[in-house]
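Summary of structural features
Given next are the chains, with one letter for each unit.
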Amino acid sequence: MTQARAIFGQDETHGILQQFGARVGASSEGLGWTSAFASTQREQPFEGRFQELSDCLMVLHRGGPVDVDFVTGGRSVSRHIPEGGIFFLPGGHECNVRLRGPLETTHIYLRAHLFEAERAPTAAASGLAPIFGERDPVLEHLARSVNEILAESAPSLAVDPIAQALASRFIDLNFRNSSAKPTHRDYRLTERQLRRVREFIDQNIGSDIRIGAMASVCGVSSDYFLRMFKRTVGVSPYQYVLNQRVEQAKILLSDQTFSLAEIALRTGFSHQEHLSRVFRRFTGVAPGRYRRASS
C-alpha cells in the first residue's frame, strides 16, 4: 500500500517572497500538490538568506538580464543572469542572495525524495551542487510547463511527472559536470575587483569605457580581464556595460525634462538612434514607449 505524502505548503518554503514584498501572480498553495510547491511573481531588489531546508529550490528567471550576488559555503559568486537563467539550491545548503534589480521569476520547490529515488544514495539532494544562473533548455522548458499548470490551477497529479523530470535533470547535470576534468584553473575576479570595476562603470557611464581602463582598475592585463570578467559575471564586459547604460537610461526616462537625445549622451550612447536600437534590443520596447508606459 502506497503511503500518502503530505501536501507541500507555503510554510515549508524559505518565505523569502513574503519577507520582501514580491507580487505573486499564481501559487500552488491550496491545490494539494505533494511533490512540489511553485509560484510565479515579480520580485523587487532584496538581500536575504535562504536557510538550509531538506527540500530543493529551483528559480527560473523569466526576465532579465539582472545582476545577482550569491554567498554559499564560504564562496562568493556574482552573476549577470540572462532571461532563462536557473538558480538551484539543493537540500542541505544555505545561501545569501542579493538581487540587484526587479525580476519576473518562477520558484519551484522539489521534495528531497524525488532525488533519492533516482540514484540513491549518491544522488541525495544534499550531495548535489548549487547552480548560479546557468541556462539549460530542458530545465527552462519543464519550469515553463509548471507555469502553465499553475495558470490552470491543476491538481498534484498533473505536476508530479514534471517534478520528477526536473529532479532527474538536475542529477544528470550534476553528474555530467562532476565528471568533467578541467585542464586549467577557472580564474575569476575577486569580490573586491568586481566591486571596483562596477563602481568604475557606474561613475563613467556617460563616457567611452575602454577594456584597458577596466582592466587597470582590477590590476590585470586586458586579455586576462576579458576572460576573468566573463567567467565571473557570465557575459562580456561590453555586454555588461551596454546593460548598465540601458538601466541608467530607464532611470532618466522617468524624468520628463530630459530629451531622448540628452539621455543618449548622458548614458554613453553616441546618438539617440544608438540608444533606441540598443534599448529596444535589451527591453523589447522603444525608449519613448517605455517612458509613456512608466509615466
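Residues numbered from 1 in each chain as written. Predicted model: local features only at pLDDT ≥ 70, side-chain atom pairs only at ≥ 80, totals over all residues. Heavy atoms only, no water.

Burial of strand β4 (residues 56-61) is extensive: six of the six residues sit out of reach of the surface. Across six bridges, the pairing between β4 and strand β9 (residues 103-110) is antiparallel. From the neighbouring strand, Cys 56 faces β9, where its bridge partner is Leu 110. Across four bridges, β4 lies against strand β7 (residues 85-89) in antiparallel orientation. Residue pairing across strands places Val 59 opposite Phe 87, the latter belonging to β7. (Buried < 20%, exposed > 50% of the residue type's maximum accessible area, 1.4 Å probe, protein only. Helix = DSSP H or I, 4+ residues; strand = E, 2+ residues; numbered from the N terminus. Pairing = 2+ DSSP bridges.)

Turning next to the confidence of the model for the protein. For the protein, per-residue confidence averages 88 on the pLDDT scale, and residues scoring 70 or more make up 91% of the total. Within the model, the stretch residues 117-123 combines pLDDT values under 50 with eleven contacts to residues more than four positions away or in other chains. Predicted confidence for residues 180-184 stays below pLDDT 50, and this span has one contact to residues more than four positions away or in other chains. (pLDDT = per-residue confidence, 0-100. Contact = heavy atoms within 4.5 Å.)

Further remarks concern the nonpolar core. Counting 29 residues, the largest nonpolar core has Trp 33, Met 58, Ile 108, Leu 110, Phe 115, Leu 166 and Phe 170 as the members making the most contacts within it. Broken down by secondary-structure element, the contributors of at least two residues to this core are β2 (36-43), β4, β7, β9, α2 (113-119), α3 (137-151) and α4 (156-179). With residues up to four places along the chain from it excluded, the contact list for Leu 166 reads Met 58, Ile 108, Leu 110, Leu 139, Leu 142 and Ala 143. (Core = buried A, V, L, I, M, F, W, Y, C linked by side-chain atoms within 4.5 Å.)

For the structure on display, the rule yields twelve aromatic pairs. Seen in terms of ring centroids, Phe 88 and Phe 115 are 6.2 Å apart; in terms of plane orientation they differ by 35°. Their pairing is tilted. Of this pair, Phe 88 sits in strand β7 while Phe 115 sits in helix α2; the two residues are 27 residues apart in sequence, bridging distant segments of the chain. For Phe 88, a relative accessible area of 1% gives the class buried. Arranged with centres 5.4 Å apart and planes meeting at 75°, the rings of Phe 279 and Tyr 290 form a pair that is edge-to-face. On the criterion of sequence distance, the pair formed by Phe 279 in helix α10 (residues 272-283) and Tyr 290 in helix α11 (residues 287-294) is long-range, its members being eleven residues apart. According to the relative accessible area criterion, Phe 279 is buried, its value standing at 0%. (Phe/Tyr/Trp six-rings, centres within 6.5 Å; stacked < 30°, edge-to-face > 60°.)

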